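So you can see what is in the structure, the chains are spelled out below.
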Amino acid sequence: MAPITASRVEFDEIPTVVGIFSAFGLVFTVSLFAWICCQRRSSKSNKTPPYKFVHVLKGVDIYPENLSSKKKFGGDDKNEAKNKPAVPKLSLHLDLEKRDLNGNFPKTNIKAGSPSDLENVTPKLFTEREKETASPESLKSSTSLTSEEKQEKLGTLFLSLEYNFEKKAFVVNIKEAQGLPAMDEQSMTSDPYIKMMILPEKKHKVKTRVLRKTLDPVFDETFTFYGVPYPHIQELSLHFTILSFDRFSRDDIIGEVLIPLSGIELSDGKMLMNREIIKRNAKSSGRGELLVSLCYQSTTNTLTVVVLKARHLPKSDVSGLSDPYVKVNLYHAKKRISKKKTHVKKCTPNAVFNELFVFDIPCESLEEISVEFLVLDSERGSRNEVIGRLVLGATAEGSGGGHWKEICDFPRRQIAKWHMLCDG
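The structure displayed is predicted, hence computed values, not measured ones.

Engineer: Got a sec to walk through the overall build of the chain? Specific residues and values, please.
Structural biologist: The secondary structure content of the chain amounts to eight helices and 18 strands. Looking at the chain residue by residue over its 424 residues, the buried ones come to 41%. Restricting the contact set of the chain to residue pairs at least 6 apart, pairs at least 24 apart contribute 65%. Total accessible area computed for the chain in this model is approximately 25100 Å², and 56% of it derives from carbon and sulfur atoms.

This is the structure we're talking about:
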């Protein structure tokens, strides 16, 4: 009887051993599958490295700036150098050159007569040398000002252009601006910064940092664009917008500068230039028109606003057509109580919206109610700029006041009218 009992015990232990081996096998299989997946992901990430978008601030500090929603930050300089052939020919991104581990640039001794003096001398010395090395076009622009432009002089922008043939890199250095007007009437100064854009593509936008309380800002910021073939530079233009930062409202636009690169030769080395800052949209004859329809329902105490169309909208900048949308603000006793906005219409001066909004009126009449329409240009990566403005209300001037009177006199009737937009 004893041998039979021992065999039964051994037979009962077999399922337990099989279960243990099965568990180990399952764990091993899952681990192997996870390891294979990780290897595949790492190999894919090596094939498509992320872009790095930084630029030099006075040769020391850096900060990232988004070029496109499709591009990502990250990756070190070594990986980018290895994978540069994978970048398309006309793709542009910014990078930082010659940094040490702390992000600073090594100091170099200035030699007399060397081209590097232009980068290290003070702004005063730069302005003296610039007279000798500036292009003839810049000298003509400074001497051919009319009497009206001399009265409304907006300052001068100084910059340098360079092309690195080894790296196929286009380098723009925004050095300084001089003689800017004061945009703050209380302190009689400005907080300037500069936005730069490469035309005809509106994607590649960069901007400098804000310098506080100065009319002669020294930026000394370098933007390096890689993957730009030298013949392609002749087809590009540089557009600079000079602004003054305002913490509590929209930034004030001081002026703009447009530099076509056709005819500019960078094969001989760095080129220094200056350009007079001109008034933005100086050639524009109007801000366009907006068609709106409103109806006041006295029974439900609601105001129905329909944004129908916009026409003859000006260019928001020299790059081409704007991407307009309309923001509708409802005010009660000069206090905003509600806001709505339409969808963005791409690249058109004559937009068709046909969007309806219903606002609840907090009082029984429209005496203290007003409606503000802001037509804006949608810009990714920066603050949207106002194209034109329209106000309808009891105290509004012009066609806005007349349209509002008809709305009050004829409730429950949808009344539509065209209105000229004014400056925002």
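Engineer: How would you explain the environment of L211 if you had to name every residue and give the values?
Structural biologist: Structurally, L211 can be placed in the loop between β6 (205-207) and β7 (218-226). The exposure class assigned to L211 is buried, which follows from its relative accessible area of 16%. Remark: the alpha-carbon pair of L211 and D191, spanning 20 residues in sequence, is separated by 5.5 Å. Apart from the residues within four sequence positions on either side, L211 is in contact with S190, D191, P192, P217, V218 and F219.

Engineer: Just give me the short version of the UniProt feature "transmembrane region" (unreviewed entry) in the chain, but keep the residues and values in it.
Structural biologist: With numbering matched to this structure, UniProt assigns "transmembrane region" (unreviewed entry) to residues 17-38. As a span, residues 17-38 carries 100% helix and 0% strand, and end to end its C-alpha atoms are 32 Å apart.

Engineer: How would you summarise the sheet that holds strand β16 (residues 369-377) if you had to cite specific residues and measurements?
Structural biologist: Read across the sheet, four strands follow the order β14-β13-β16-β17 without closing on themselves; strand pairing throughout is antiparallel. A single partner strand is all that each edge strand has here, and the edge strands are β14 (335-341) and β17 (385-393). Recorded for the sheet is a direction-independent mean angle of 20° between the axes of neighbouring strands. Sheet topology places strand β13 (residues 324-332) next to β14; six bridges connect them, and they run antiparallel. By the bridge assignment for β14, Y331 is matched with R336.

Engineer: Can you break down the sheet that holds β6 residue by residue, with the values?
Structural biologist: Read across the open sheet, the four strands follow the order β6-β5-β8-β9; overall the sheet is antiparallel. Edge positions in the sheet fall to β6 and β9 (252-260), since each of these pairs with one other strand and no more. Strand-to-strand twist across the sheet, computed as the mean angle between neighbouring axes with direction ignored, equals 20°. With eight bridges joining them, strand β8 (residues 237-244) and β9 adopt antiparallel strand pairing. If you follow H239 over to β9, its bridge partner there is L258.

Cut-offs used in this document
Residues numbered from 1 in each chain as written. Predicted model: local features only at pLDDT ≥ 70, side-chain atom pairs only at ≥ 80, totals over all residues. Heavy atoms only, no water. Helix = DSSP H or I, 4+ residues; strand = E, 2+ residues; numbered from the N terminus. Buried < 20%, exposed > 50% of the residue type's maximum accessible area, 1.4 Å probe, protein only. Contact = heavy atoms within 4.5 Å. Areas by Shrake-Rupley, 256 points an atom, 1.4 Å probe, with all protein chains shown as cover. UniProt positions renumbered as here; feature names shortened; annotations may be inferred. Pairing = 2+ DSSP bridges. Axes fitted to C-alpha atoms, helices over the stretch in contact; angles between N-to-C directions.

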